[in-house]
Amino acid sequence: DTGVSQNPRHKITKRGQNVTFRCDPISEHNRLYWYRQTLGQGPEFLTYFQNEAQLEKSRLLSDRFSAERPKGSFSTLEIQRTEQGDSAMYLCASSLALANTGELFFGEGSRLTVL
Amino acid sequence: AQRVTQPEKLLSVFKGAPVELKCNYSYSGSPELFWYVQYSRQRLQLLLRHISRESIKGFTADLNKGETSFHLKKPFAQEEDSAMYYCALKYNFNKFYFGSGTKLNVKP
């Protein structure tokens, strides 16, 4: 499967712990996005990268959240000192900038439950 | 600021009936609108985009700038159309704002 891959698919943690999610985009895609989705809502933009550069972060992304994309390939999203409000589905998507079709290719998501 | 509104959380129709999923947007720039769909236990995927003016799986959507709408329509719903549908606005060249989604339930 050459689609966007995310892991872990599910993570249950206690409040105050740190968690890290990984996203492997489609190999030739240079743009990578992180979204968060809570129950009954659509995906909310968190941040995006073009190659290894993080070009924008949403105001939703508190200082406890950090994302990296070393070497412009896979990306990690780390949440420090998790809170119950962080419980959500974290979606990764990738796209090819030059294609200009606007299509995002999504992963299956990483579901976080903070107890 | 940009915004996408999908007023219906749930839409139930019988197989063969027409379907219209509503989407209204607010954006000061030139809008690019999309419909994404998520079938049960599958990932979110693109259904169609307004610039293509295409019909995918019998669905069409027309951008109405006067009414700031991008409603998704299908003349005869099928059971396999049951899914979550999200309207999305592309803004600032690279970012996407998603509506809260409409669950379409097509009954046999």
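Scroll up for the structure.
Anyway, here's the lowdown on the structure attached to this text. (Residues numbered from 1 in each chain as written. Chains lettered and ligands numbered in written order. Predicted model: local features only at pLDDT ≥ 70, side-chain atom pairs only at ≥ 80, totals over all residues. Heavy atoms only, no water.)

1. What to know about the state of the cysteines
Residues and elements named next belong to chain A. In this structure the tally under the stated criterion is two disulfides over all chains. There is a disulfide in this structure between cysteine 23 and cysteine 92, and the S-S distance comes to 1.9 Å. Between cysteine 23 and cysteine 92 the disulfide shows an S-S torsion of about -70 degrees. By sign, it is left-handed. Residue cysteine 23 is found in strand 3 (residues 19-24), and its partner cysteine 92 is found in strand 9 (residues 88-95); the two are separated by 69 residues along the sequence. The pair formed by cysteine 23 and cysteine 92 is uniform in burial state, with each residue classed as buried. (Disulfide = S-S within 2.5 Å. Helix = DSSP H or I, 4+ residues; strand = E, 2+ residues; numbered from the N terminus. Buried < 20%, exposed > 50% of the residue type's maximum accessible area, 1.4 Å probe, protein only.)

2. Quick notes on the packing of aromatic side chains
The tally for this structure, following the rule as stated, stands at 14 aromatic pairs over all chains. Each ring, one from A:Phe65 and one from A:Tyr90, has its centre 6.5 Å from the other, and the planes form 40 degrees; the classification is tilted. Here A:Tyr90 lies in strand 9 and A:Phe65 lies in strand 7 (residues 65-68), a separation of 25 residues in the sequence. Overall, A:Tyr90 belongs to the buried group, its relative accessible area being 0%. What links up through ring pairs into an aromatic cluster is the set A:Tyr33, A:Tyr35, A:Phe45, A:Tyr48, A:Phe106, B:Phe34, B:Tyr36, B:Phe96 and B:Phe98. Sitting over the ring of A:Phe74, A:Arg22 keeps its end group 3.9 Å from the ring centre. (Phe/Tyr/Trp six-rings, centres within 6.5 Å; stacked < 30°, edge-to-face > 60°. Lys NZ or Arg CZ within 6 Å of the ring centre and 35° of its normal.)

3. Topic: the layout of surface pockets
Put simply, the largest pocket is a space of about 660 Å³. In terms of lining residues, the largest pocket is bounded by 29 residues, among which A:Gln37, A:Met89, A:Arg111, B:Gln38 and B:Tyr86 are the most central. Looking at the lining of the largest pocket, the elements with two or more residues in it are strand 9 and strand 11 (110-114) of chain A together with strand 9 (83-91) of chain B. For the lining of the largest pocket, a count of residues per class yields nine nonpolar, 13 polar and seven charged. Looking at the second largest pocket, its volume works out to about 510 Å³. Taken together, 24 residues form the lining of the second largest pocket, with A:Phe45, A:Leu60, B:Gln2, B:Tyr91 and B:Tyr97 sitting closest to its centre. Ranked by residues supplied to the lining of the second largest pocket, first place goes to strand 10 (residues 95-98) of chain B with four residues. (1 Å grid on protein atoms, 1.4 Å probe; cavity = no way out; pocket = protein on both sides within 12 Å on 5 of 7 lines; lining within 4 Å. Points joined across faces, edges and corners; volume = space filled by probe spheres on them. Nonpolar A, V, L, I, M, F, W, Y, C, P; charged D, E, K, R; others polar.)

4. Side note on the nonpolar core
Counting 24 residues, the largest nonpolar core has B:Trp35, B:Leu72 and B:Tyr85 as its most contacted members. Those elements giving two or more residues to this core turn out to be strand 2 (10-14), strand 3 (19-21), strand 5 (32-38), strand 6 (45-49), strand 9 and strand 11 (102-107) of chain B. (Core = buried A, V, L, I, M, F, W, Y, C linked by side-chain atoms within 4.5 Å.)

5. What to know about the sheet that holds strand 8 (residues 75-79) of chain A
Residues and elements named next belong to chain A. The antiparallel open sheet is built from four strands, whose spatial order is 1-3-8-7. Edge positions in the sheet fall to strand 1 (5-7) and strand 7, since each of these pairs with one other strand and no more. Taken over all neighbouring pairs, the strand axes of this sheet differ in orientation by 15 degrees on average, direction set aside. Sheet topology places strand 3 next to strand 8; five bridges connect them, and they run antiparallel. Each residue of the ladder has a partner; that of threonine 20, found in strand 8, is glutamate 78. (Pairing = 2+ DSSP bridges. Axes fitted to C-alpha atoms, helices over the stretch in contact; angles between N-to-C directions.)

6. Quick word on the pattern of salt bridges
Per the counting criterion, the structure on display carries nine salt bridges over all chains. Ionic pairing is found between B:Lys73 and B:Glu20, a salt bridge with its closest N-O pair at 3.7 Å. Here the residue B:Lys73 occupies a position in strand 8 (residues 72-74), and B:Glu20 occupies one in strand 3, the gap between them amounting to 53 residues. With relative accessibility at 41%, the residue B:Lys73 sits in the partly exposed group. For the salt bridge of B:Lys74 with B:Asp81, the shortest nitrogen-to-oxygen distance reads 2.8 Å. Assessed through its relative accessible area of 3%, B:Asp81 is described here as buried. Here the salt bridges do not stand alone but share partners, grouping A:Arg9, A:Glu108 and B:Arg43 into one network. (Salt bridge = Lys/Arg side-chain N within 4 Å of Asp/Glu carboxyl O.)

7. Quick notes on the interface of chain B and chain A
Each partner contributes residues to the interface: chain B has 15 residues there, and chain A has 22 residues. Between chain B and chain A lies a buried interface of about 1,700 Å² when both sides are counted; carbon and sulfur atoms form 45% of it. Together, B:Arg43, B:Asn94 and B:Lys95 form the three largest contributors to the area buried by chain B at its contact with chain A, with a combined 37%. Across the pair A:Glu56 and B:Lys95 runs a salt bridge whose closest N-O atoms are separated by 2.1 Å. Linking chain B to chain A there are ten residue pairs in polar contact (both at pLDDT 80 or more). Elements supplying a minimum of two residues to the side of chain B that touches chain A: strand 5, strand 6, strand 9 and strand 10 of chain B. If one sorts the elements of the side of chain B that touches chain A by residue count, strand 10 of chain B sits on top with three residues. Here the side of chain B that touches chain A is composed, by residue class, of seven nonpolar, three polar and five charged. (Contact = heavy atoms within 4.5 Å. Buried area = accessible area lost by both parts, 1.4 Å probe. Polar contact = N/O pair within 3.5 Å; in protein donor to acceptor, adjacent residues only side chain to side chain.)

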